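These are the residues of each chain, in order.
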Amino acid sequence: MTDTVLVVNAGSSSIKVELFAADAALTSLLSGQIEAIGLAPRLALRDAAGTTVAEEAWGQGEGPRDHRAALAAIGTALARVAGQHRIVAIGHRVVHGGATLAAPVVIDPAIRAELAALAPLAPLHQPHNLAGIDAMAELHPGVMQVACFDTAFHRGHPWVADTFALPRALWRRGIRRYGFHGLSYAYIAMRLAEVAPEIARGRVVVAHLGNGASMCAIRDGRSIDSTMGFTALDGLPMGTRSGQLDPGVVLHLLTAEGYDAPALTRLLYHESGLKGLSGLSSDMRALERAGTAEAQEAIAYFVYRIRKELGALTAALGGLDALAFTAGIGENSAAIRAAVCEGMGWLGIALDAAANARGETVLSTPASRVRVLRIPTDEERMIALETLRLLRA
Ligand code: ADP
């Protein structure tokens, strides 16, 4: 029997799980997901070598219909193939920790209630995270469960980076710039200390460019500002999310274009960003391949906004020692990284084209004043690490 930590990341249409050995190396033993919940669900689990050890697919409208059923299905599949492992703790990705939860916490009834009360701040995600917690409590009664928050890493923001210029009463009611992708940024901050210890305490901008995309200004290992604000809609354009928008546009859509709240939610979360601009796809690989004028313009807008935010975050940091790229696009698209760094000599960035094309860890030339890095993120490992830390505390 190996003692293990199970990580559960219950998103809006998929649930990811990963099982780690509960030792110092945190070896990943099994990982997998159930996707397309409520449509035509597919479940797959892989071992450490990448071999599929469990697989199931259902037709349209068949199989697990909701998150509760999907969690039961993946929990059962996991128990079947991981019979020789004993789960000693379960770590959950929870999108919102509100204004007070600034570190991972052990879930007890009071914390469970606090997380439920935060659901209105993240209605598309928090209820699924809670369903994950409840399902695991049922499947593994008595096993310690830990909540790790996407907002926690940003809770030390100075007030000017935490507020909007709205009446103060609204800030007190929780209308604040929380920032997200915190587990990814915490992981990158930790990895920086290993791959570039000389700048880990310096001024770093991390660009987390995936389906969701944001950037974070980190000084001395701590977040001081981020492009995401009250929700994960703000800042950079994303696969299907608009990113930063003049609030007057929202007012106009409501008052003059016949949109109501559900239609606006659909527009801003699911029909905008790269998908809306290209009219083609939310997927960067598809846009890079397509080469249509609209696809190129969508990419150009994405890059433009990253460059602009890089300038803004550098100003917030008072200078820049390193720029790190991570997540699906940041880790894999040499073309996007090159376009972001193009002509940034004034900021001290000199990209090494060959190192960038090969996707090395250090992408800048030896003479570059700013270190440019490519660091793969691993939010699941960060959750496992925090969960194990609380188990041992
Ligand atoms: P999520 O936010 O859902 O975790 P990921 O971090 O997996 O997303 O990023 C998904 C994005 O990464 C997609 O737009 C995908 O096209 C892009 N991507 C993955 N591999 C490449 C690649 N080789 N070149 C360009 N884009 C890539």
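Residues numbered from 1 in each chain as written. Predicted model: local features only at pLDDT ≥ 70, side-chain atom pairs only at ≥ 80, totals over all residues. Heavy atoms only, no water.

> Before we go on, may I ask you to explain the pattern of salt bridges in this structure?
Side-chain pairing between opposite charges can occur once the charged atoms of the two side chains come close. Here the structure, examined in full by the defined rule, presents 17 salt bridges. Arg201 is the salt-bridge partner of Asp220, the closest N and O atoms lying 2.8 Å from each other. Remark: Arg201 occurs in the loop between helix 6 (182-195) and strand 9 (203-209) and Asp220 occurs in the loop between strand 10 (213-219) and strand 11 (222-226); sequence separation between them is 19 residues. When its relative accessible area of 63% is taken as the criterion, Arg201 is described as exposed. (Salt bridge = Lys/Arg side-chain N within 4 Å of Asp/Glu carboxyl O. Helix = DSSP H or I, 4+ residues; strand = E, 2+ residues; numbered from the N terminus. Buried < 20%, exposed > 50% of the residue type's maximum accessible area, 1.4 Å probe, protein only.)

> Mind showing me how you'd approach the site of the ligand here?
Around the ligand, a shell composed of Gly210, Asn211, Gly212, Asp283, Met284, Arg285, Glu288, Ala327, Gly328, Ile329, Asn332 and Ser333 is seen. A distance of 3.0 Å separates an oxygen atom of the ligand from a polar atom in the backbone of Arg285. For the ligand, an oxygen atom lies 2.9 Å from a polar atom in the backbone of Gly328. Protein burial of the ligand: of its 580 Å² of free accessible surface, 71% is covered by the chains. Those elements that provide at least two residues to the shell around the ligand are helix 10 (284-290) and helix 12 (327-332). (Near = heavy atom within 4 Å. Polar contact = N/O pair within 3.5 Å; in protein donor to acceptor, adjacent residues only side chain to side chain. Areas by Shrake-Rupley, 256 points an atom, 1.4 Å probe, with all protein chains shown as cover.)

> Just checking my understanding: could you explain the packing of aromatic side chains for this structure?
To describe a pair of aromatic rings, you give the distance between the ring centres and the angle between the ring planes. The final tally for this structure, using the stated rule, is one aromatic pair. Summarising the aromatic geometry, the rings of Tyr178 and Phe230 are spaced 6.3 Å apart at their centres and angled 40 degrees between planes, so their arrangement reads as tilted. Here Phe230 lies in the loop between strand 11 and helix 7 (247-256) and Tyr178 lies in the loop between helix 5 (168-172) and helix 6, a separation of 52 residues in the sequence. Phe230 sits in the partly exposed class, given a relative accessible area of 23%. When the ring centre of Trp171 is taken as reference, the NZ or CZ atom of Arg176 above it lies at 3.7 Å. (Phe/Tyr/Trp six-rings, centres within 6.5 Å; stacked < 30°, edge-to-face > 60°. Lys NZ or Arg CZ within 6 Å of the ring centre and 35° of its normal.)

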